[in-house]
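# Examining the three-dimensional arrangement
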Amino acid sequence: MEIKLATFDVEVAMPHFLLKAKFQPRGDLLIYMNDQRVKFYGFEEVQMFPLGGDFQVRPFRQPTMTVSKKYLAFISVLKTEDVEKLQLLHSKRPVVFYTDWFAIRGQLHVNEDARGDDLLDGPRDYFAVSDASVYLIRKASANPSRKAPLLLLNRNAVYAYHPHQANEGTEG
């Protein structure tokens, strides 16, 4: 019997680049992302875009690329049907996160009893954020998808976060 691993269409945010690629984790997506033994992730059918307008490199394509785990701000899973197959914590909280280039608003999947000031504590590096909206907070030469059904956020890339409360008459 052959094991078939899921492949995801993803966008990957790094400090200075945005990747659009295919990603095939070795097993469950969240378990693989949080496996402390894994230091690099492999991507296929990669398109790499510099974020800064002053970069000397143009966007380019590569059949494969290996990226250091510690430099990923987030990985967005782009297809809703792929997300529907994943097991996520049921308890969610509306949160806004700030990274170097992005503000990310969505539903953070956390334990029910997690305190508001320690939502990203614990042994995991990557946290599931569903119904994510991604906003550039700096001028960039490449734009990520504005909406993602699931975004895996690297807590090491988060500068700050706060609960999100939609104001009446404003977006979300």
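Residues numbered from 1 in each chain as written. Predicted model: local features only at pLDDT ≥ 70, side-chain atom pairs only at ≥ 80, totals over all residues. Heavy atoms only, no water.

## Quick notes on the overall build of the protein
Secondary structure assignment for the protein yields 2 helices and 10 strands. Ordered by position from the N terminus, the helices and strands of the protein form the series β-β-α-β-β-β-α-β-β-β-β-β. Seen along its three principal axes, the alpha-carbon backbone of the protein occupies a region of about 50 × 45 × 30 Å. A total of 172 residues make up the protein; the buried ones form 46% of that total. A sequence separation of at least 24 residues applies to 64% of the contacts in the protein between residues at least 6 apart. Surface accessibility of the protein: about 10,100 Å² in total, with carbon and sulfur atoms responsible for 50%. Put simply, the protein has 22 plus and 21 minus side-chain charges, and the middle of one group is 5 Å from the middle of the other. (Helix = DSSP H or I, 4+ residues; strand = E, 2+ residues; numbered from the N terminus. Buried < 20%, exposed > 50% of the residue type's maximum accessible area, 1.4 Å probe, protein only. Contact = heavy atoms within 4.5 Å. Areas by Shrake-Rupley, 256 points an atom, 1.4 Å probe, with all protein chains shown as cover. Lys, Arg positive; Asp, Glu negative; His and termini not counted. Charge placed at Lys NZ, Arg CZ, Asp CG, Glu CD.)

## Focus on the nonpolar core
General note: in soluble globular proteins, nonpolar side chains tend to be found buried as a group. In this structure, F23, Y41 and F43 are the most contacted members of the largest nonpolar core, which totals 28 residues. Sorting the residues of this core by element identifies β1 (8-13), β2 (17-23), α1 (29-33), β3 (40-50), β4 (60-68), β5 (74-77), β8 (126-136) and β9 (147-154) as the ones contributing at least two each. Ignoring anything within four residues of it in the chain, the contact list for F23 reads A6, T7, F8, V10, L29, Y32, M33, Y41, G42, F43 and I75. Core analysis: the second largest hydrophobic core is formed by 26 residues, A13, V95, I104 and A157 among them. (Core = buried A, V, L, I, M, F, W, Y, C linked by side-chain atoms within 4.5 Å.)

## Structural notes on the packing of aromatic side chains
With the rule as written, the count across this model stands at 7 aromatic pairs. Measuring from centroid to centroid gives 5.3 Å for F74 and F102, while their planes differ by 70 degrees, and the two rings are edge-to-face. Of the two residues, F74 is situated in strand β5 and F102 in strand β7 (residues 102-109); the sequence distance between them amounts to 28 residues. Members of the aromatic cluster, each reached through a chain of ring pairs, are F23, Y32, Y41, F43 and Y126. Here the guanidinium or amino end of R138 rests over the ring plane of W101, the centre of that ring lying 4.0 Å away. (Phe/Tyr/Trp six-rings, centres within 6.5 Å; stacked < 30°, edge-to-face > 60°. Lys NZ or Arg CZ within 6 Å of the ring centre and 35° of its normal.)

## Concerning the pattern of salt bridges
Tallying each qualifying case throughout the model produces 6 salt bridges. Between K79 and D9 there is a salt bridge whose closest N-O contact spans 2.9 Å. Of this pair, K79 sits in the loop between β5 and α2 (80-83) while D9 is found in strand β1, placing the two residues 70 residues apart along the sequence. For D9, a relative accessible area of 17% corresponds to the buried category. Three or more residues are tied together by salt bridges with common partners; here these are D9, K22 and K79. (Salt bridge = Lys/Arg side-chain N within 4 Å of Asp/Glu carboxyl O.)

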